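Structure at a glance
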Amino acid sequence: MTETKNPTKGSNWSYAPSPESSDHFKLKDQYGLFIGGKFVPAASGKRFSTINPATEKVLAHVADAGEKDVDKAVRAARTAYEKVWRKMSGRERGKYLYRIARIIQERSRELAVVESMDGGKPIRESRDLDVPLATAHFFYHAGWADKLPYAFPGKAVRPIGVAGQIIPWNFPLLMVAWKVAPALACGNTVVLKPAETTPLTALLFAEICQEAGLPDGVFNCITGAGSTGAALVKHPGLNKVAFTGSTDVGKAIQKSLAGRTTKLTLELGGKAANIIFEDAAIDQAVEGIINGIFFNQGHVCCAGSRLLVQESVEKEVVAKLKARMAHLIVGDPLDKNTDIGAINSKAQCDRIQDYLKVGQEEGAELFQTNCPIPDKGYFIRPSFFTKVAQSHRIVQEEIFGPVLAIQSFRTLNEALEKANNTPYGLSGGVWTDKGAKIFKVTRGIRAGVIWANTFNKFDPASPFGGYKESGYGREGGRHGLRPYVELS
Ligand code: NAI
Ligand code: MG
């Protein structure tokens, strides 16, 4: 049972556990690679296991794809492209995308529970955000499939061919949707590699493609670790690579593609500034700070991981933030009361713990709540640092965990200067009562997405992507179609 203080009366309230059941579906013990419309074992026969990071128990064994499997998948995608998909009318392609969207809806409960079990995110988020947004992405792109000439007026629009897509573990199913929906809508075929800690919803998505009767080879899914991803990038049969993940791997992919005609889009890390002005609605801003950094355990490339607060309200904001953080419940991802679930993997948990040490060694002051956390599994209490300098590693580097760095500023220009003093440029936030300030900040920050008086809002019609070391290319909206078409 989780104890939490009654915010109004100071007495203790207890939440009874409220776990979402997982007996309405059955995971298989083993999953193959999805190539040419069929599940097949890896040529080497090798498998790896994926665990539940909240319990450390193995959920399933998944085929480990090597070079041979990558080659087979790319060939399957090429055949499907040449023989079926590129020739099909947009209207027909759209029907498949609508069908996929509807099956995701039908299987939403299963997908949400599996997403939370495999990756550690709270069921409230997988149920209310990941799965509905993934569905919305397919519906949205289904609508584009037969309207591409209107997206690019006056141009002849052609698909580009076979796309190799590599995705991370923080939004496993949603990233499948962001990558696959525009590619298929534009007439390309796909070989997707999900992250090694979270392959299960991508494999369920492969089942959904089968159920939708998607022609064999249009969507292929190869599971494995970084070496599988690297083998995919190296394959000469790809016309396009799309990657979401760390900046280091993004750079390695760029190098690997140098000298080839394969097109590339990269969606990499971030270190967004969330700027609170003294005239903001402070209580709402505090909710926005919480959402900005603790949503999805802070495993969010566009997380508001740097708080910039105007000096005159710094004390008030920090005090209210502490009070609000005391109510955050860390624990079982399947419990509907849980705010912060499990850290995705031991490696990521260790990385975050390292940053907590580094921050203190650099001289910053750490605050953590004292909420109970489970004995098993990977968990980190919500944390923030004050007394940080712009040069500190915890201000400059992406931590990708529930750890906020708090700095103050006096003037708008100082806020902008600090916000832009980062190698990244993915997102940002501004909280103020004044419209003019919103426009000054949104124009002044070099970032792909900037939210005003809200944070972490996503919509399939709204393009998402970065500048600088956050990568290039956009996903979503009309802009997101561009990397998947050739225009003449
Ligand atoms: P990662 O970049 O290694 O993993 C992302 C995907 O890339 C996975 O599917 C992985 O198997 C694949 N991959 C790894 N090496 C590859 C290679 N050489 N060629 C092709 N594909 C490769 O990220 P990792 O190591 O899991 O996390 C490290 C840090 O990266 C995190 O702490 C976080 O800061 C950042 N990150 C950022 C993400 C974002 O959405 N911006 C997502 C995941 C991680
Ligand atoms: Mg897992």
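Residues numbered from 1 in each chain as written. Chains lettered and ligands numbered in written order. Predicted model: local features only at pLDDT ≥ 70, side-chain atom pairs only at ≥ 80, totals over all residues. Heavy atoms only, no water.

**Observations concerning the environment of glutamate 211**
- For glutamate 211, the location among the structural elements is in helix α7 (residues 200-211).
- Given the relative accessible area of 45%, glutamate 211 is considered partly exposed.
- Put simply, glutamate 211 and isoleucine 103 are 108 residues apart on the chain and 8.0 Å apart in space, counted from C-alpha to C-alpha.
- Excluding residues that lie within four positions of it along the chain, glutamate 211 makes contacts with Ile103 and Arg107. (Helix = DSSP H or I, 4+ residues; strand = E, 2+ residues; numbered from the N terminus. Buried < 20%, exposed > 50% of the residue type's maximum accessible area, 1.4 Å probe, protein only. Contact = heavy atoms within 4.5 Å.)

**Digging into the environment of glutamate 56**
- Assignment of secondary structure puts glutamate 56 in the loop between β6 (47-52) and β7 (57-63).
- The class for glutamate 56 is partly exposed, based on a relative accessible area of 33%.
- Along the primary structure glutamate 56 and glycine 213 are separated by 157 residues, whereas in three dimensions their C-alpha atoms are 36 Å apart.
- Each residue touching glutamate 56, except ones within four places of it in the same chain, is listed here: Ile51, Lys376, Gly377 and Tyr378.
- A distance of 2.7 Å separates a polar atom in the side chain of glutamate 56 from the backbone nitrogen of glycine 377. (Polar contact = N/O pair within 3.5 Å; in protein donor to acceptor, adjacent residues only side chain to side chain.)

**Digging into the sheet that holds strand β20 (residues 427-431)**
- An order of β16-β17-β18-β15-β14-β20-β21 is seen for the seven strands of this open sheet, with the pairing classed as mixed. Each edge of the sheet is formed by a strand with only one pairing partner; in this case those strands are β16 (365-368) and β21 (449-452). Sheet twist, expressed as the mean angle between neighbouring strand axes with direction ignored, is 20°.
- Relative to strand β17 (residues 383-386), β16 is paired through four bridges, and the arrangement is antiparallel. Opposite phenylalanine 367, over in β17, you have phenylalanine 384 as the bridge partner.
- Its contacts with the sheet put helix α12 (residues 346-361) on β16, β17 and β18 (403-409), and the angle it makes with β17 is roughly 20°.
- Each of β14 (273-276), β20 and β21 is contacted by helix α15 (residues 435-444), which is oriented at about 165° to β21, the strand it contacts most. (Pairing = 2+ DSSP bridges. Axes fitted to C-alpha atoms, helices over the stretch in contact; angles between N-to-C directions.)

**Some details on the coordination of the magnesium ion (ligand 2)**
- Listed as protein donors to the magnesium ion (ligand 2) are Thr50 (OG1), Ile51 (O), Asp118 (O), Asp118 (OD) and Thr197 (O); their distances from the metal cover 2.2 to 2.5 Å.
- For the magnesium ion (ligand 2), the single-chain donor residues occur in sequence as T-I-x66-D-x78-T. Within this pair, whereas threonine 50 is found in strand β6, its partner threonine 197 is found in the loop between β10 (189-193) and α7, the two being separated by 147 residues in sequence.
- On the basis of relative accessibility, which here comes to 23%, the residue threonine 197 falls in the partly exposed class. (Donors = N, O, S within 2.8 Å, 3.2 Å for Na, K, Ca; no water.)

**What to know about the sheet that holds β6**
- Across the sheet, which stays open at both edges, the three strands sit in the order β3-β7-β6 with mixed pairing between neighbours. With partners counted over all chains shown, the strands left at the sheet margins are β3 (30-31) and β6, one partner each.
- Here two bridges tie β3 to β7, and the two strands are oriented parallel to one another. Among the inter-strand pairings, tyrosine 31 is bridged to a residue of β7, identified as valine 62.
- Each of β6 and β7 touches helix α3 (residues 108-119); the most contacted strand, β6, lies at about 100° to it.

**Quick notes on the domain arrangement of the protein chain**
- When cut into domains, the protein chain gives domain 1 (30-268 + 468-487) and domain 2 (273-452).
- At the interface, 29 residues of domain 1 touch 32 residues of domain 2.
- Summed over both partners, the interface of domain 1 with domain 2 comes to about 2600 Å²; 56% of that surface belongs to carbon and sulfur atoms.
- When the buried area of domain 1 at its contact with domain 2 is split by residue, Arg124, Trp169 and Lys468 rank highest and sum to 22% of it.
- At the surface where domain 1 touches domain 2, the tally comes to 16 residue pairs in polar contact (both at pLDDT 80 or more).
- For the side of domain 1 that touches domain 2, the secondary structure elements donating two or more residues are α3 and α4 (123-144).
- Of the residues belonging to the side of domain 1 that touches domain 2, the class tally is eleven nonpolar, nine polar and nine charged. (Domains from an automatic or database assignment. Buried area = accessible area lost by both parts, 1.4 Å probe. Nonpolar A, V, L, I, M, F, W, Y, C, P; charged D, E, K, R; others polar.)

**Some thoughts on the site of ligand 1**
- Around ligand 1, a shell composed of 26 residues is seen, among which Trp169, Glu196, Ser246, Arg351 and Glu398 lie nearest.
- Within the side chain of glutamate 196, a nitrogen or oxygen atom sits 2.7 Å from an oxygen atom of ligand 1.
- For ligand 1, a nitrogen atom lies 2.9 Å from a polar atom in the backbone of leucine 268.
- For ligand 1, whose free accessible area comes to 800 Å², the fraction covered by protein is 85%.
- At the level of elements, α8 (226-234), β12 (240-244), α9 (247-257) and α12 are the ones that each hand at least two residues to the shell around ligand 1.
- Of all the elements, α8 adds the most residues to the shell around ligand 1, at three residues.
- Here the residues of the shell around ligand 1 are counted per class, giving 14 nonpolar, eight polar and four charged.
- Two domains share the shell around ligand 1, each providing at least three of its residues, namely domain 1 (30-268 + 468-487) and domain 2 (273-452). (Near = heavy atom within 4 Å. Areas by Shrake-Rupley, 256 points an atom, 1.4 Å probe, with all protein chains shown as cover.)

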